[in-house]
Amino acid sequence: MDFISKKSLESWLASVAETKKLYAPVYTDGVLLYQQPNEIEDIVWDFSRPVQSAKEIIFPQSEKMLTIEKNGQNIQIIENLNNDISVIFGVRSCDARGCLVLDKLLVEAEPVDHYYKTRRENTALVGLACEEMGDTCFCTSVGGGPDNSEGLDVMLHRHQDGYLVEIVSSAGEELFNGIEFDRQDIAFNERRFEPEFVLPSQDLLKSSFDSEIWRSESERCLSCRICAYVCPTCRCFDVRDEPGASNNGTEIVERIRGWDSCSGEAYRRIAGGHNPREAKADRLRNRIYCKLHYTQEQSGMMACTGCGRCIDSCPVNIDITEIIGLILEGEPG
Amino acid sequence: MITKKIQEYASSLLADQVVDCVIGYEVGPRRTTRPIFVDQQADTDRLVWNQNCSHNLTVYLRQKLNDTEGRIGIVVKPCDSKTINVLGAENRIDRDRLHIIGIECEGILEGNVKQNADSGELQRRCLACDLTEPLDMDYMIGGSIERKNLPDNSTSNKLSRWLEKATADDRLEYWLSEFDRCIRCYACRQACPLCDCPTCLFEREDSIWTGSSATTKDNRSFHLGRAFHLAGRCIGCGECQRACPMDINLGELNRVLAREMEEQFHHRAGYTVELSPITTILGEGR
């Protein structure tokens, strides 16, 4: 692989930022997030992972889909498609895998999510390989790995005072086109990481549907939505029409889509006020099944990338790896 | 010591069928302290007490009282007992159905909630706390703690002092930049034992009061609106800030409101079973 020093990478990043929207891990008041850095020096290079995954750039917490302008009988509907050309720098392997899951469900399956697809096609992912696994990381157990480049356009592997550049896609090749590397053809030794644990089989998951685990593990759940909102593959949303500021007699309504989560109480509420998933146990089971079972059956991909964010962020320590362990304990003989 | 006593007492409560369930703390497999619900005598040995017992367990009371017919035992820190007073004054819980196991507390340690605290420093709210025993309880557990940290009103940090002196514009700028990080996960609301409206005003489907977007405008109405609804009621347990994945400084916002309530209305939430003076009471026919 070709070698590039950190200094050369920084000047490359500066040139990227001139023509494209550059997102990178940056601290704001002590919280690490993918943001547009004011200065290239603000970019954080050594980190475990940002609080939010790279998902929030491609599938933002809230986005305006349409603006509806009404002036008397005259109604205009304007689509707000975001056409920014972006590069996300410092993407972890688990987040890139998350994008692959989102692609399967939002682009490769009908109906295509036009908004996601546009952003995704216009966003290049430049990865930074993890040198070690974090305390709550388990990517190796769900088919990934800390230096796995799947789903990325370029992967950078730390080497001495710089990085080895693994070009993964043609978009990645384009990004580094014309860059003079500091050294060339350096041997890259792929590191071997062992899985942390074995996952329950799809059959065992199916037969655990009525397990007592769901009640006992969900009892302390606060029904907030942190787990879903920090998850690189959670993609549920709600669409609302909200009044915007009127302008000279023109009434404005905005169609907003925003994240939603099956752990919230109202998520499954239907007409007439009925709620088939009223119990916390049913909601926790749905979320865990969505990660380990439903998406796998629908698309052939596991919707958990082992990033461990839900474990780190849960205020009451609900832990997907602990639940996996309990499911395995319940395996018959 | 306290752990042992909690376990023994919880066991006797369940054996004598005084309560159906005891809400307390346990330490999970990752050594993280977290809430636990014990309804079998055999599980009482999972109960613990340590200086990471930060969660305000009263957040679970309403649901648990709905789900069961009998009484509920609950491990209560001095600060958390103030919540029970507010919930009682607001007729949100039936005090007679609670069996409060009061814990003498030397303060909870600062630290990233999610993991156990390792800083060795007491939380800011604990430094300013004037209670070592709960205000209301059915059974008290504790030795005689010699309080190392007397109530200290000088705990306001650099930021609080700056906010006190800052102009309205500067304060607004500070708070908007905090709220800007909000992702509307509603963890602050869900972790709050006093924020339990059946339908949250800020999440009504008709979006009359505030939009659902995580934009500066909508985040501002959510957080300021929520703060106003807690003024005179918030007892300062700090769970909102502890739960926030974006580390928004909600504790400071609540402290400012509590100070206003004390200065303007001479009211400190939860010290007695009394409604906040800024609560409007609708009488019959109104």
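Here we summarise the structure given alongside this text. In this text the structure is predicted, and so the values were computed from the model without any measurement.

Here we come to the sheet that holds strand 4 (residues 98–103) of chain B. Residues and elements named next belong to chain B. Taken in spatial order, the five strands make up an open sheet running 2-1-3-4-5, and their pairing is mixed. One side of each edge strand has no neighbouring strand; the edge strands of this open sheet are strand 2 (33–38) and strand 5 (139–141). Geometrically, the sheet is characterised by an average inter-axis angle of 30° between neighbouring strands, direction not taken into account. In terms of strand pairing, strand 4 meets strand 5 through three bridges, oriented parallel. Note on strand 5: the bridge partner recorded for Ile103 is Ile141.

With that settled, the discussion passes to the packing of aromatic side chains. With the rule as written, the count across this model stands at 19 aromatic pairs over all chains. Both rings, one in Trp12(A) and one in Phe176(A), keep their centres 4.3 Å apart while their planes meet at 20°; by these two values the pair is stacked. Here Trp12(A), found in helix 1 (residues 6–19), pairs with Phe176(A), found in the loop between helix 5 (170–175) and helix 6 (202–207); they are 164 residues apart in sequence, far enough to count as distant. In this structure Trp12(A) comes out as buried when scored by relative accessible area, which is 4%. An angle of 70° between the planes, with centres 6.1 Å apart, marks the rings of Tyr25(B) and Trp49(B) as edge-to-face. Highlighted residues: Tyr25(B) in strand 1 (residues 21–27) and Trp49(B) in the loop between strand 2 and helix 2 (61–67), separated in sequence by 24 residues. As far as the burial class goes, Tyr25(B) and Trp49(B) line up, both buried.

The next subject is the side chain of Gln61(A). Relative to the elements of secondary structure, Gln61(A) occurs in the loop between helix 2 (55–58) and strand 4 (62–71). Residue class for Gln61(A) comes out buried when judged on its relative accessible area of 9%. Of the polar contacts made by the side chain of Gln61(A), one reaches the backbone nitrogen of Ala214(B); its length is 3.4 Å. Ignoring anything within four residues of it in the chain, the contact list for Gln61(A) reads Tyr229(A), Arg257(A), Gly258(A), Trp259(A), Ile183(B), Arg184(B), Ser212(B), Ser213(B) and Ala214(B).

All right, on to the packing of helix 3 (residues 93–106) of chain A against helix 9 (residues 280–299) of chain A then. Residue and element names in this part refer to chain A. Relative to each other, helix 3 and helix 9 sit at 55°, their axes nearing to 10 Å. Taken together, the axis directions place helix 3 and helix 9 in an arrangement best described as oblique. Considering the relative orientation of helix 3 and helix 9, their crossing is left-handed. Of the residues in helix 9, those touching helix 3 at Val101, Lys104 and Leu105 are Thr295, Gln298 and Ser299. Per-class residue counts for the contact of helix 3 with helix 9 are two nonpolar, three polar and one charged.

All names here are of chain A. Sheet architecture is open: four strands sit in the order 5-4-11-10, paired in antiparallel fashion. Both outer strands of the open sheet, strand 5 (74–79) and strand 10 (237–243), are each paired with one neighbouring strand and no more. Here the average twist between neighbouring strands, direction ignored, is 20°. Sheet topology places strand 10 next to strand 11 (residues 251–259); seven bridges connect them, and they run antiparallel. When the sheet's bridge partners are listed, Pro243 is paired in strand 11 with Val253. Seen against the sheet, helix 4 (residues 114–121) touches strand 4, strand 5 and strand 11 and runs at an angle of roughly 125° to strand 4.

Attention now goes to the pattern of salt bridges. Summed over all chains, the structure comprises 43 salt bridges over all chains. Residue Glu63(A) pairs with Arg119(A) through a salt bridge whose shortest N-O separation is 2.4 Å. Linking Glu63(A) in strand 4 with Arg119(A) in helix 4, this pair joins segments that are 56 residues apart in sequence. Residues Glu63(A) and Arg119(A) agree in their burial class; the two are buried. A salt bridge links Arg189(B) to Glu203(B), with the nearest nitrogen and oxygen atoms 3.0 Å apart. Of this pair, Arg189(B) sits in helix 7 (residues 187–191) while Glu203(B) sits in the loop between helix 7 and helix 8 (216–230), and the two are 14 residues apart along the sequence. Using a relative accessible area of 9% as the deciding quantity, one classes Arg189(B) as buried.

The next subject is unusual backbone geometry. The step from Glu110(A) to Pro111(A) runs through a cis peptide bond, and the omega angle for that step is -10°. By secondary structure assignment, the location of Pro111(A) is in the loop between helix 3 and helix 4. Even without glycine at this site, His266(B) takes up a positive phi of about 50°. Relative to the helices and strands, His266(B) is located in the segment after helix 10 (250–265).

This part covers the interface of chain A and chain B. Contacts between the two partners involve 36 residues from chain A, matched on the other side by 40 residues from chain B. Summed over both partners, the interface of chain A with chain B comes to about 3100 Å²; 48% of that surface belongs to carbon and sulfur atoms. Contact with chain B buries area across many residues of chain A, yet Glu219(A), Leu222(A) and Arg240(A) alone supply 18% of it, more than any other trio. Between Arg225(A) and Glu203(B) there is a salt bridge, with its nearest N and O atoms 2.6 Å apart. Linking chain A to chain B there are 17 residue pairs in polar contact (both at pLDDT 80 or more). Contributions of two or more residues to the side of chain A that touches chain B are made by strand 3 (31–35), helix 8 (226–229), strand 10, helix 10 (309–313) and helix 11 (320–329) of chain A. No other element matches the three residues that helix 10 of chain A contributes to the side of chain A that touches chain B. Here the residues of the side of chain A that touches chain B are counted per class, giving 13 nonpolar, nine polar and 14 charged.

Calculation rules
- Residues numbered from 1 in each chain as written.
- Chains lettered and ligands numbered in written order.
- Predicted model: local features only at pLDDT ≥ 70, side-chain atom pairs only at ≥ 80, totals over all residues.
- Heavy atoms only, no water.
- Pairing = 2+ DSSP bridges.
- Helix = DSSP H or I, 4+ residues; strand = E, 2+ residues; numbered from the N terminus.
- Axes fitted to C-alpha atoms, helices over the stretch in contact; angles between N-to-C directions.
- Phe/Tyr/Trp six-rings, centres within 6.5 Å; stacked < 30°, edge-to-face > 60°.
- Buried < 20%, exposed > 50% of the residue type's maximum accessible area, 1.4 Å probe, protein only.
- Polar contact = N/O pair within 3.5 Å; in protein donor to acceptor, adjacent residues only side chain to side chain.
- Contact = heavy atoms within 4.5 Å.
- Parallel < 35°, antiparallel > 145°, perpendicular 65-115°, else oblique.
- Left-handed = near helix turned anticlockwise from the far one by under 90°.
- Nonpolar A, V, L, I, M, F, W, Y, C, P; charged D, E, K, R; others polar.
- Salt bridge = Lys/Arg side-chain N within 4 Å of Asp/Glu carboxyl O.
- Buried area = accessible area lost by both parts, 1.4 Å probe.

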